[in-house]
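Summary of the model geometry
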Amino acid sequence: MSEDDDYDGWQEVEWTELRNVELRITVGDVTSVDIAEVIRTCRTALSQKAEKLNVILKNLNVYEYRDAILVNDEYGTCPDLEEILKAFGLRVTAVECGLKGKSYVVTDEILDALRVMDPSYRTTRIQFEKCTDEIAGVISDAAKHDLYDSETIGIVRSFAGGDGVTVTGTQTVTYLDDEPIEYGKIESSEREKTISLAYEFFSGLERKTGRINAHMQEGTVSILSSRARKLGYYVQTKRRGGKVQLVLVRNE
Amino acid sequence: MMAEKKITIDIDENGEIHAETFGMHGTECTEQLDKLMKDLATLVDRKKKPEYYKQGSEKTSYVKNGHD
């Protein structure tokens, strides 16, 4: 035995340890989307949609309950109501609720997504009637929402608030005596799950915001067509690229 | 003989609306466009076509309360 191998009775010992580590995930790990900008886009889109819809809704009874509305056309003033609401990209369900005339429960995918990022949004552009328990029940039963689990909501809200998300993982560390000499790859199923949930949300949101202009355009076309028919015009719709042309003809 | 009244309305992706009327007389064209566009668009430009003074036809451009 040489002097190096057994110096003063000590021997170098290599050993490994599996240790828990904390990982910080930022929004940049998930998406290139600027969340503040997306929130602004969603808020603007909802305001513009509400403003346009108000052209129709101001003559109708509108009730609000938990991010859904019930639109009641008591006097049949808007025969194309369902078509117009759908043209704006809204989810529409016809309901029987004891009110005279046709009634529809309406929800919006942009509003559902915005609620996850920014729960404070509230429109002031639409005048709502007082919602009774009975109408609230009808809305609650018929409203179709994009549902997000609490985990996704927590993750997205952290990102939207400018914070990252902390998850745990494990890492193998190799020591020689008491000195770490090699760090293994960090394994974290929690990290993968968090990124996957956030990615799913933000990629879905991109698809939704990408449809905003088309929905606004189609909604406007739908309102104009409805008005034209009321004025006695025959309406023909032509689509060329991103442009829509209405040709209104009336013979007198 | 029945007279044909015609309006063409172009709506682009950015929310701009351009409208043109044909075969309308006097103020009929502006009245019809105002009824169609009420609260939906803000008028930014209005041009009377030469035939306006003969037949009352008018070309009108509206710009919608923009979405972009």
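Residues numbered from 1 in each chain as written. Chains lettered and ligands numbered in written order. Predicted model: local features only at pLDDT ≥ 70, side-chain atom pairs only at ≥ 80, totals over all residues. Heavy atoms only, no water.

Topic: the interface of chain B and chain A
Test applied: Note on definitions: a residue-residue contact is assigned when non-hydrogen atoms from the two residues lie within 4.5 Å. As a working definition, buried area equals the accessible area (1.4 Å probe) given up by two parts on being put together, with both sides summed. Each salt bridge in this description consists of a side-chain nitrogen of Lys or Arg and a carboxyl oxygen of Asp or Glu lying within 4 Å of one another. As used in this structure description, the phrase polar contact means that two N or O atoms lie within 3.5 Å; if the pair is within protein, one of them must be able to donate a hydrogen and the other to accept it, and residues adjacent in sequence are counted only when both atoms belong to side chains. In DSSP terms, a helix is any run of H or I states spanning at least four residues, a strand is any run of E spanning at least two, and both are numbered starting from the N terminus. Gly counts as polar in this scheme, as do all residues outside two lists: the nonpolar Ala, Val, Leu, Ile, Met, Phe, Trp, Tyr, Cys and Pro, and the charged Asp, Glu, Lys and Arg. DSSP bridges decide pairing: two strands pair if at least two such bridges lie between them.
Each partner contributes to the interface: chain B provides 29 residues, whereas chain A provides 27 residues. Buried area between chain B and chain A, summed over both chains or domains, comes out near 2700 Å², and the portion from carbon and sulfur atoms is 54%. Across the contact surface, chain B and chain A share two salt bridges. Here Glu28 of chain B and Arg250 of chain A are joined by a salt bridge, their closest N and O atoms 3.6 Å apart. The interface formed by chain B and chain A contains ten residue pairs in polar contact (both at pLDDT 80 or more). Listing elements by their share of the side of chain B that touches chain A, those giving two or more residues are strand 1 (4–11) and helix 1 (28–37) of chain B. Considering every element that reaches the side of chain B that touches chain A, the biggest residue donor is strand 1 of chain B, with eight residues. Partitioned by chemical class, the residues of the side of chain B that touches chain A number eleven nonpolar, six polar and twelve charged. In the sheet, strand 9 (residues 243–251) of chain A pairs with strand 1 of chain B via eight bridges, with the strands oriented antiparallel.

A look at the pattern of salt bridges
All names here are of chain A. Here is the rule we go by: To sort residues, take the accessible area from a 1.4 Å probe on protein chains only and compare it with the maximum for the residue type: under 20% means buried, over 50% means exposed, and anything in between is partly exposed.
The final tally for this structure, using the stated rule, is 19 salt bridges over all chains. Of the charged contacts in the structure, one is a salt bridge between Lys49 and Asp108, with a shortest N-O distance of 3.1 Å. Of this pair, Lys49 sits in helix 1 (residues 35–57) while Asp108 is found in the loop between strand 5 (102–107) and helix 3 (109–117), placing the two residues 59 residues apart along the sequence. For the pair Lys49 and Asp108, one class covers both residues: buried. Residue Asp67 is joined to Arg115 by a salt bridge in which the shortest nitrogen-to-oxygen separation is 2.8 Å. You can see Asp67 sitting in the loop between strand 2 (61–65) and strand 3 (68–73) and its partner Arg115 sitting in helix 3, a full 48 residues away along the chain. Through salt bridges with shared partners, a single network forms among Arg91, Asp112, Asp146 and Lys208.

Examining helix 3 of chain A
Since the α-helix packs 3.6 residues into each turn, any two residues three or four apart lie on the same face. Residues and elements named next belong to chain A. Within helix 3, nine of the nine residues are buried, leaving the element largely enclosed by the surrounding structure. The set of residues buried in helix 3 consists of Glu109, Ile110, Leu111, Asp112, Ala113, Leu114, Arg115, Val116 and Met117. The inward-facing, buried residues of helix 3 abut helix 1, strand 4 (91–95), strand 5, helix 5 (150–160), helix 6 (189–210) and helix 7 (212–230). Of the residues that open helix 3, the one with a side-chain oxygen 2.8 Å from the backbone nitrogen of Ile110 is Asp108.

Here's the deal with the packing of aromatic side chains
Stated formally: Each aromatic pair joins two rings of Phe, Tyr and Trp (for Trp, the six-membered one) with centres within 6.5 Å, and gets the label stacked for planes under 30 degrees apart, edge-to-face for over 60, and tilted for any other angle. By definition, being over a ring means that NZ of Lys or CZ of Arg is both within 6 Å of the ring centre and within 35 degrees of the ring normal.
A complete count under the given rule lists three aromatic pairs over all chains for this structure. Here a set of aromatic residues connected by ring pairs shows up, and it is made of Tyr148, Phe201 and Phe202 of chain A. Stacked on the ring of Tyr233 of chain A, the Lys or Arg Arg250 of chain A has its end atom at 4.9 Å from the ring centre. The ring of Phe22 of chain B carries the charged tip of Lys6 of chain B above its face, separated from the ring centre by 5.7 Å.

Examining unusual backbone geometry
Although it is not a glycine, Asp67 of chain A sits at a positive phi angle of roughly 65°. One non-glycine residue, Asp39 of chain B, adopts positive backbone phi at about 65°. With respect to the element layout, Asp39 of chain B can be found in the loop between helix 1 and strand 3 (41–48). Classification of Asp39 of chain B as partly exposed rests on a relative accessible area of 39%.

Topic: the pairing of strand 1 of chain B
Residue and element names in this part refer to chain B. Taken across its eight residues, strand 1 has six buried, putting it largely inside the fold. Judged from the six bridges that link them, strand 1 and strand 2 (residues 16–22) form a sheet pairing that is antiparallel. For Ile9, the partnering residue across the bridge sits in strand 2 and is Ala19. Taken together, strand 1 and the strand that follows it, strand 2, pair antiparallel across an intervening segment of four residues, in which Gly15 is found at a positive phi of about 95°.

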